[in-house]
Amino acid sequence: MQQEHLTRKDKIRNEKNINEADKAFLCLYLFTSLPKSFMIKSDGTNNESLFNVNYTHVKGERTMTATKGLEGIVAAASSISSIIDGVLTYRGIDIDDLAANATFEEVAYLLWYGKLPNRSELDGLQKQLDQFAAVPQGVLDQIKLYPKDTNSMAALRTAVSSLALYDASANDMSLEANQLKAIKLQAQLPTVIAAYARIREGKEPVAPKQGVSIAYNFLYMLTGNEPAEVAVKALDQALVLHADHELNASTFAARVTVATLSDIYSGVTSAIGALKGPLHGGANEAVMVMLEEIGSAANVESFINNALANKHKIMGFGHRVYKNGDPRAKHLQKMSRELGKLTGNMELYEMSVKIEELVTGQKGLKPNVDFYSASVYTTLEIPRDLFTPIFAISRVSGWSAHILEQYQDNRLIRPRADYVGPVNAKYIPIEQR
Ligand SMILES: CC(=O)SCCNC(=O)CCNC(=O)[C@H](O)C(C)(C)COP(=O)(O)OP(=O)(O)OC[C@H]1O[C@@H](n2cnc3c(N)ncnc32)[C@H](O)[C@@H]1OP(=O)(O)O
Ligand SMILES: O=C([O-])CC(=O)C(=O)O
């Protein structure tokens, strides 16, 4: 076995380009055979740097130079979603195909079970979602006690953590129990968010409806009214587009948490905390803050020129992995345009297009998934601070699929730090400091 590893490793080392199978192999090889936090580049090019780890010696112990932000580090093998040459797939199916044809429930099933559901499997999932969608009264009572100005993602993080307290199977680590908890979380997140949004306005939560899609139910529970078909369709497609994204920061956080063999609620709570930040999921709300600050299409040019000249980040642009554009953004752009036309208000869409022209023209940065989702959700009359919670409604499918995958072949995730602090320091008694 060791010989086989070495032969393949040497083959890869000598090639100019390595393929995905080789990359996956290398990842496994490196994690099982070499010093455990060995680094490789993930850009597909083989070169000396593939094996070029900068070692330093601290007290005889070999440590490595850190890669800031873990850029290019392959930290897990996964069969859930892939980004290869700028193409995103869920279980091998192109996101463009799924965005055009799949419902969010089909996608969630695909992520959890590795295949598209047949009719009876999809019906079975719908029954389970119906069964679990109601949230324990204890959780609703707690939400009523949250300060009215609580940050929406902080509220979601706390509520999801407390869902565990009402689930007798929270610490059951069997595969069956964890699969069921994944469905439970998927069913309950929309209910929690809609309830929170109503409670803070002094309204009673609306109970979930049975036999309808997650997109429909969320809009229904939020407003108490039957949502328009076009709104349900747009939200459903947005949920499809946000469902999973390989080892993004929140999914990685979830995997790190459960790799200690902690429970699925802890993993999802960690993930919500990571998604909240404006460099990740929180960017969709930050885009809307920017659009509101700009105010109208006439102000776009001066605002963007000024922001770029002052080296401010433009929210919703740039991406760690996609350098030639996020394949999800074009779907959201189209949705933004169509919803604008339907509602007869193209202002946000036109502002967004103008921003894109300027930022791409001047910086070469392309919009990511968060950019056009801001105008889409606003046109759907969703409050700005629910954009990131909506991301979580979708991404909990991916988080839980990754958590299940992590449990299947678990190893504690514990990298090393490159120590750059003082050495040979001595304790100084307090009276001498
Ligand atoms: C669902 C998601 O999480 S998608 C990402 C959502 N986040 C955002 O939209 C926030 C805005 N974007 C960003 O902050 C970044 O592009 C990130 C966090 C997404 C990726 O960050 P990194 O891979 O670390 O790229 P990094 O921040 O090093 O950027 C490289 C260069 O591009 C610049 N840059 C990157 N993004 C932007 C941006 N949105 N606006 C202006 N400049 C930018 C950086 O300032 C940096 O310039 P420099 O080399 O002159 O210093
Ligand atoms: O992958 C990332 O770094 C961020 C992202 O686009 C996502 O989570 O959808």
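As shown above, the structure is provided for reference.
To start, this report covers the structure provided alongside it.

Rules used in this analysis
Counting restarts for each chain: residues are numbered from 1 in the order of the written sequence. To read the labels, note that chains go from A and ligands from 1, taken in the order they are written. Local features in this predicted model are restricted to residues whose pLDDT is 70 or higher, and side-chain atom pairs enter the listing and the counts only when it is 80 or higher, whereas totals over whole chains, interfaces and linings include all residues. For the side-chain quantities, the full set of heavy atoms in the structure was used; hydrogens and water were omitted. Labels follow the DSSP assignment, with helices taken as runs of H or I lasting at least four residues and strands as runs of E lasting at least two, numbered in each case from the N terminus. Exposure classes here rest on a 1.4 Å probe applied to the protein chains alone. A residue is buried below 20% of its type maximum, exposed above 50%, and partly exposed in between. Only heavy atoms matter for contacts: two residues are in contact if any of them lie within 4.5 Å across the pair. Accessibility throughout is a Shrake-Rupley quantity obtained with a 1.4 Å probe, and a residue counts as covered only by protein chains that appear here. Stacked, edge-to-face and tilted are the three classes for Phe, Tyr and Trp ring pairs, Trp counted by its six-membered ring, which pair at centre distances within 6.5 Å; planes under 30 degrees apart are stacked, over 60 edge-to-face, the rest tilted. Definition of nearness: a residue and a molecule or strand are near each other if at least one heavy atom of the residue lies within 4 Å of the molecule or strand. For the purposes of these results, a polar contact is taken to be a pair of N or O atoms within 3.5 Å, where, inside protein, one atom must be able to donate a hydrogen and its partner to accept one; residues adjacent in sequence count only when each atom of the pair is a side-chain atom. Side-chain classes follow a simple rule in which Ala, Val, Leu, Ile, Met, Phe, Trp, Tyr, Cys and Pro form the nonpolar group, Asp, Glu, Lys and Arg form the charged group, and the remainder, Gly included, forms the polar group. Any Lys or Arg side-chain nitrogen found within 4 Å of a carboxyl oxygen on Asp or Glu counts as a salt bridge. By the convention used here, strands pair only if DSSP detects at least 2 bridges between them.

### Concerning the overall build of the chain
(1) Moving on: From N to C terminus, the chain includes 18 helices and five strands.
(2) Moving on: Counting over 433 residues, the chain shows a buried share of 48%.
(3) Moving on: Within the chain, counting contacts between residues at least 6 apart in sequence, those at least 24 apart form 72% of the total.
(4) Moving on: Entry remark: accessible area of the chain is about 20,900 Å², with carbon and sulfur atoms responsible for 53%.

### Observations concerning the packing of aromatic side chains
(1) Moving on: Scanning the model with the defined rule gives six aromatic pairs in all.
(2) Moving on: Judged by centre distance (4.6 Å) and plane angle (55°), the ring pair of Phe-317 and Phe-371 falls under tilted. Of the two residues, Phe-317 is situated in the loop between α14 (300-309) and α15 (329-343) and Phe-371 in helix α17 (residues 369-379); the sequence distance between them amounts to 54 residues. There is no split in this pair, since Phe-317 and Phe-371 are both buried.
(3) Moving on: Owing to a relative accessible area of 0%, Phe-371 belongs among the buried residues under this scheme.
(4) Moving on: Ring-pair connections join several aromatic residues into one group, and the members of that group are Phe-317, Tyr-349, Phe-371 and Tyr-372.

### Points about the site of ligand 2
(1) Moving on: Around ligand 2, the neighbouring residues are His-245, Asn-248, His-280, His-319, Arg-328, Phe-391 and Arg-395.
(2) Moving on: Within the contact set of ligand 2, an oxygen atom lies 2.7 Å away from a side-chain nitrogen or oxygen of His-245.
(3) Moving on: In this structure, Arg-328 approaches ligand 2 through a side-chain N or O atom, which is 2.7 Å from an oxygen atom.
(4) Moving on: Isolated, ligand 2 exposes 270 Å² of accessible area, and the fraction of that covered by the protein chains is 84%.
(5) Moving on: Along the lines of polarity and charge, the residues of the shell around ligand 2 split into one nonpolar, four polar and two charged.

### Some details on the site of ligand 1
(1) Moving on: Close contacts around ligand 1 come from 19 residues, with His-280, Lys-313, Ile-314, Gly-316 and Arg-320 the closest.
(2) Moving on: Between a nitrogen atom of ligand 1 and a main-chain N or O atom of Leu-279, the distance comes to 2.9 Å.
(3) Moving on: Here a nitrogen atom of ligand 1 sits 2.8 Å away from a polar atom, N or O, in the main chain of Phe-317.
(4) Moving on: Look at ligand 1: alone it shows 900 Å² of surface, and the protein chains cover 67% of it.
(5) Moving on: The class makeup of the residues in the shell around ligand 1 is nine nonpolar, six polar and four charged.

### Quick word on the environment of His-245
(1) Moving on: Examined against the element boundaries, His-245 turns out to sit in the loop between α10 (229-242) and α11 (249-258).
(2) Moving on: Note on His-245: relative accessible area 5%, which makes it buried.
(3) Moving on: Once residues lying within four places of it in the same chain are set aside, the contact partners of His-245 are Ser-81, Ile-83, Leu-88, His-319, Tyr-322, Arg-328 and Arg-395.

### Some points on the pattern of salt bridges
Pairing of side chains with opposite charge becomes possible as their charged atoms draw close.
(1) Moving on: A complete count under the given rule lists 11 salt bridges for this structure.
(2) Moving on: With a closest N to O distance of 3.9 Å, Glu-338 and Lys-334 form a salt bridge. Residue Glu-338 and its partner Lys-334 are located together in helix α15, separated by four residues, close to a single helical turn.
(3) Moving on: Under the relative-accessibility criterion, Lys-334 is labelled partly exposed at 45%.

### Remarks on unusual backbone geometry
Note on backbone geometry: most residues besides glycine have negative phi, and most peptide bonds are trans.
(1) Moving on: Positive phi is not limited to glycine here, since Asp-85 has a value of about 50°.
(2) Moving on: By the secondary structure assignment, Asp-85 is in the loop between β3 (81-84) and β4 (87-90).
(3) Moving on: The residue Glu-246 is not glycine, and still its phi comes out positive at about 50°.
(4) Moving on: Looking at the secondary structure, you find Glu-246 in the loop between α10 and α11.
(5) Moving on: Looking at Glu-246, the relative accessible area reads 31%, which means it is partly exposed.

### Concerning the sheet that holds strand β5 (residues 93-94)
The pairing of strands in a sheet comes from backbone hydrogen bonds and takes either a parallel or an antiparallel form.
(1) Moving on: Read from one edge to the other, the open sheet built from three strands follows the order β3-β4-β5, with strand pairing classed as antiparallel. Two strands bound the open sheet, and with one partner strand each, they are β3 and β5.
(2) Moving on: The pairing of β3 with β4 spans four bridges and is classified as antiparallel. The residue bridging Ser-82 from the neighbouring strand is Thr-89, located in β4.

### Let's talk about the pairing of β3
(1) Moving on: Side chains Ser-81 and Ile-83 of β3 all project onto a buried face; the interleaved residues Ser-82 and Ile-84 project onto a face where none is buried.
(2) Moving on: Counted along the chain from β3 to the antiparallel partner β4, the turn is two residues long, and its residue Asp-85 has a positive phi close to 50°.

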